[in-house]
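Here are the chains, one letter per residue:
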Amino acid sequence: MKKINYKIIGFVSLFIVLLLGVSLIDKDNYVPYIDFYEKVNNQNIDTIFYNNSDKIKFKQKDNDTVFTTDNPRKENFKEEMLFKGITFKEQINVGNSLSAILGIALVGSIIFIVYKKTKKSAITIKQFDINDKTNIYFKDIAGNEEAKENSKDIVDFLKYPEKYKKLNARIPRGIIFYGEPGTGKTMMARAIASEANVPFYSVCGSDFVEMYVGVGASRVRSLFKKAREHKKAVIFIDEIDAIGKKRATSLQNTNEEREQTLNALLTEMSGFSKDEGIVVIATTNRIDILDDALIRAGRFDRHIEINLPDKVAREKIITLLLKDKKIDDNINIEEIAKKTIYFSGAMLDALINEASIMAIKDNNDKININHIDKAYLKIIAGDEKKDKSFMTEQDKKITAIHEAGHAVVTNALNNATISKISIIPTTKGAGGFCLNIFEDKLFQTKKDIENQIMSLYGGRCAEEIILGSENITTGAYNDIEKATKLIIDYVSKYGMTDNNILSHNILKENNNTLDIYKKISLNLYEKTKNILIENIKNLEKLANELIEKETLDEKQIYNILKKCS
Ligand code: ADP
């Protein structure tokens, strides 16, 4: 009974402190109503938290900070905000009355105690996904050889921590796997735990981020406490950026909850004793956004990059994924690996899975190359739209000219293999597509980038040449976006223009760069137009074939292009 009383007092005080804390923070973030209204008109407001006190709270689109402003107590205020596309959340007004605060605190305490009593230790168990056996071993991961090699001494440390203690060797306790999503970072962490035969505690960075300050930090402590009970364990924090992003320098943008959680994590990691066989493995897609305190020596100081697989690695992954599946003799794994450039392991997994589903739908007991091809297109371009009735003849013609333009330029520049062209709209929103398979190589030359930009401009140029400059369409918006990004990198990142081998990203000043971008873009656009004018027969023939057949595969495309030239 004594214990319960203590809990009530503790929780009530915490609640009061929290509420008072929230109201103090609100005062710092006060925005005059006139400024708030301007933000509303500028469509800069994301959510309004409404209650009937004299102040209301709101969040902006570009910022997670909660601001307050005066409550206008206006009729139709909610309707007006909803019309402007703002999320409107109504909250109970706790007011400033101490009795209301105490009332809520009391109810909260009772719920807390009842919850604690009934669930006992279930809270901590539920928060973390504990897998005593993860069932993934190094043999289940194809490719990623360097990462595997790097992980082997961690396994050894987990198995024999005494060995390391004897020699006074300091093994990294914090490991960060970083790289593109779906490249097998989680698998690698699981495999380390399995190979070392230790429990695996898995948690996602965002699980720590709670509305109430202090909860994340207490979760961190509870997670480490649980892991320490086993003496040896792998603690896995997926997407650590949720708590470990670089801390804000300006006071306004601080996120107290995240900071406390991060500090708790750093404190726990600093407190490892030498004979404890516990390592913390975290993943992130971008290591450069993590806080320096997190990645410095003694914390997460081993950084292992896991890249997108190259062709050989893709072959290995596909072989592994097809291992327990029945496949037709017409499947050539090398060919699949060749055309799945830039696919992550997860995308390859999705490809094989889609192909299996298609084989089942076909009542086929084996996966054949048609299933793989269909699955490939589904992943690259989305499902073909079944209802094509909304497409007018003119739409078809425009799309055919546009896609044929891409293909003819790519063919003339010989910078990629054109594997498929389609004028069937996809569920991903594209009107059609021209699928280019680029050579898998480590470096891009200046010419490669220029060619890519010209291939992208091919669609718009073809529209201009055949339909006239008055009739160009919106269909090129995505190509223009991609080409612009390439031009910016060409100038600002790679220093590929004459008289400029400086990185604008480092200089952080871009005087006159817009003029340089425009000059390059217009020059490449003119060149693209000339290519198409020289190959006008190819363009017309390919466009006509597309209107007739709607999709052309690699063989058909090159047959048409060969005949014309
Ligand atoms: P990440 O953590 O990098 O986002 P995951 O480890 O969760 O990626 O991988 C997602 C899925 O992709 C895995 O479950 C597996 O099916 C597949 N996968 C990724 N990389 C590989 C690989 N190297 N070998 C085999 N399968 C892989």
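Residues numbered from 1 in each chain as written. Predicted model: local features only at pLDDT ≥ 70, side-chain atom pairs only at ≥ 80, totals over all residues. Heavy atoms only, no water.

**Q** Help me out: how do you make sense of the overall build of the chain in this one?
**A** Of regular secondary structure, the chain possesses 23 helices and 13 strands. By residue count, 42% of the 565 residues in the chain fall in the buried class. Of the roughly 31400 Å² of accessible surface on the chain, 52% is carried by carbon and sulfur atoms. (Helix = DSSP H or I, 4+ residues; strand = E, 2+ residues; numbered from the N terminus. Buried < 20%, exposed > 50% of the residue type's maximum accessible area, 1.4 Å probe, protein only. Areas by Shrake-Rupley, 256 points an atom, 1.4 Å probe, with all protein chains shown as cover.)

**Q** Can you walk me through the nonpolar core in this structure?
**A** As a rule of thumb, soluble globular proteins bury nonpolar side chains together. If you look at the biggest cluster of nonpolar residues, it comprises 40 residues, and the most contacted ones within it are Ile 418, Ile 421, Ile 453, Tyr 457, Leu 532, Leu 542 and Leu 546. Setting aside anything within four residues of it in sequence, one finds Leu 542 in contact with Ala 404, Ala 407, Val 408, Ile 421, Leu 552, Ile 560 and Leu 561. Residues Ile 176, Ala 217, Phe 272 and Leu 294 belong to the second largest nonpolar core, which totals 29 residues. (Core = buried A, V, L, I, M, F, W, Y, C linked by side-chain atoms within 4.5 Å. Contact = heavy atoms within 4.5 Å.)

**Q** Before we go on, may I ask you to explain the environment of Thr 445 in this structure?
**A** Relative to the elements of secondary structure, Thr 445 occurs in the loop between strand E12 (433-437) and helix H18 (446-467). Relative accessible area serves as the criterion here: at 41%, Thr 445 is assigned to the partly exposed category. Once the C-alpha coordinates of Thr 445 and Met 496 are considered, the two residues, 51 residues apart in sequence, prove to be 9.4 Å apart.

**Q** Help me understand the sheet that holds strand E2 (residues 55-60), please; the structure alone is not making it clear to me.
**A** Sheets are built from strands that pair by backbone hydrogen bonding, the pairs being arranged parallel or antiparallel. Across the sheet, which stays open at both edges, the four strands sit in the order E3-E2-E1-E4 with mixed pairing between neighbours. Looking at which strands have only one partner, the edges of the open sheet turn out to be strand E3 (66-70) and strand E4 (87-90). Adjacent strand axes in the sheet meet at a mean angle of 25 degrees, parallel and antiparallel pairs treated alike. Inspection of the sheet shows E2 paired to E3 by five bridges, in the antiparallel sense. Bridge assignment links Phe 58 to a residue of E3, and that residue is Phe 67. Contacting strand E1 (45-50), E2 and E3, helix H2 (residues 33-41) runs over the sheet at an angle of about 130 degrees to E1. (Pairing = 2+ DSSP bridges. Axes fitted to C-alpha atoms, helices over the stretch in contact; angles between N-to-C directions.)

**Q** Could you clarify how one ought to interpret helix H19 (residues 477-493) in this entry?
**A** For an α-helix the count is 3.6 residues per turn, leaving residues at separations of three or four pointing the same way. Helix length check: H19, at 17 residues, gives a terminal C-alpha distance of 23 Å against a target of 24 Å (1.5 Å per residue), a fit within 8%. One or two positions beyond H19, positive phi appears at Gly 495, with a value near 55 degrees. (Expected span 1.5 Å × (residues − 1).)

**Q** Would you explain unusual backbone geometry in this entry?
**A** Trans is the prevailing form of peptide bonds, just as negative phi is the prevailing case for residues other than glycine. Even without glycine at this site, Lys 231 takes up a positive phi of about 70 degrees. For Lys 231, the location among the structural elements is in the loop between helix H9 (215-229) and strand E8 (232-238). In this structure, Glu 239 is a non-glycine residue whose phi angle is positive, near 50 degrees. Along the chain, the position of Glu 239 falls in the loop between E8 and helix H10 (241-244).

**Q** For this particular structure, what's the right way to read the environment of Glu 403?
**A** Here Glu 403 is to be found in helix H17 (residues 393-413). By relative accessible area, Glu 403 is classed as buried at 6%. Discounting chain neighbours no more than four positions away, the residues touching Glu 403 are Ile 421, Ser 422, Ile 423, Gly 432, Phe 433, Cys 434 and Leu 546.

**Q** In this structure, what is going on with helix H6 (residues 145-159)? I would like to understand it.
**A** Taking 1.5 Å per residue, 15 residues should reach 21 Å; H6 reaches 21 Å between its end C-alpha atoms and fits that length. The largest bend in H6 comes to about 25 degrees, at Ser 151. Looking at the buried positions of H6, the neighbouring elements they touch are helix H7 (161-166), strand E6 (174-178), helix H8 (185-196), E8, strand E9 (277-284) and strand E10 (302-305). (Bend = angle between axes of the 7 residues up to and from the residue.)

**Q** Mind showing me how you'd approach the packing of H9 against helix H11 (residues 256-270) here?
**A** The relative placement of two packed helices is expressed as an angle between their axes plus a distance between the axes. H11 packs onto H9 with a crossing angle of 25 degrees between their chain directions and a minimal axis gap of 7 Å. Classified by the angle between their axes, H9 and H11 sit roughly parallel to one another. When the axes of H9 and H11 are compared, the crossing they make is right-handed. Residues Val 215, Gly 216, Ala 217, Val 220, Arg 221, Phe 224 and Arg 228 of H9 form the contact with H11, whose own contacting residues are Glu 257, Gln 260, Thr 261, Ala 264, Leu 265, Glu 268 and Met 269. Within the contact of H9 with H11, the residues separate by chemical class into seven nonpolar, three polar and four charged. (Parallel < 35°, antiparallel > 145°, perpendicular 65-115°, else oblique. Left-handed = near helix turned anticlockwise from the far one by under 90°. Nonpolar A, V, L, I, M, F, W, Y, C, P; charged D, E, K, R; others polar.)

**Q** Where do I start with the packing of aromatic side chains in this structure?
**A** What describes a pair of aromatic rings is the distance from one ring centre to the other and the angle between the planes of the rings. Taken as a whole and assessed by the stated rule, the structure comprises 11 aromatic pairs. For the ring pair Phe 200 and Phe 236, a centre distance of 5.5 Å and an interplane angle of 25 degrees mean the geometry is stacked. Remark: Phe 236 occurs in strand E8 and Phe 200 occurs in strand E7 (residues 200-204); sequence separation between them is 36 residues. The exposure class of Phe 200 is buried, given its relative accessible area of 0%. Here the aromatic rings of Phe 343 and Tyr 376 are separated by 5.8 Å at their centres, their planes lie at 20 degrees, and the arrangement is stacked. Of this pair, Phe 343 sits in the loop between helix H14 (333-339) and helix H15 (345-361) while Tyr 376 sits in helix H16 (residues 369-381), and the two are 33 residues apart along the sequence. By relative accessible area, which is 4% here, Tyr 376 ends up buried. (Phe/Tyr/Trp six-rings, centres within 6.5 Å; stacked < 30°, edge-to-face > 60°.)

**Q** Sorry, what's going on with the sheet that holds E12 here?
**A** Pairing within the open sheet is antiparallel, and its three strands lie in the order E12-E11-E13. For this open sheet the edge positions go to E12 and strand E13 (551-553), each flanked by a neighbour on one side alone. Direction aside, neighbouring strands of the sheet carry axes that sit 20 degrees apart on average. Here strand E11 (residues 417-422) runs beside E13; their pairing, made up of three bridges, is antiparallel. Each residue of the ladder has a partner; that of Lys 420, found in E13, is Asp 553. Sheet strands touched by H16: E11 and E12. Its angle to E12, the strand with the most contacts, is close to 105 degrees.

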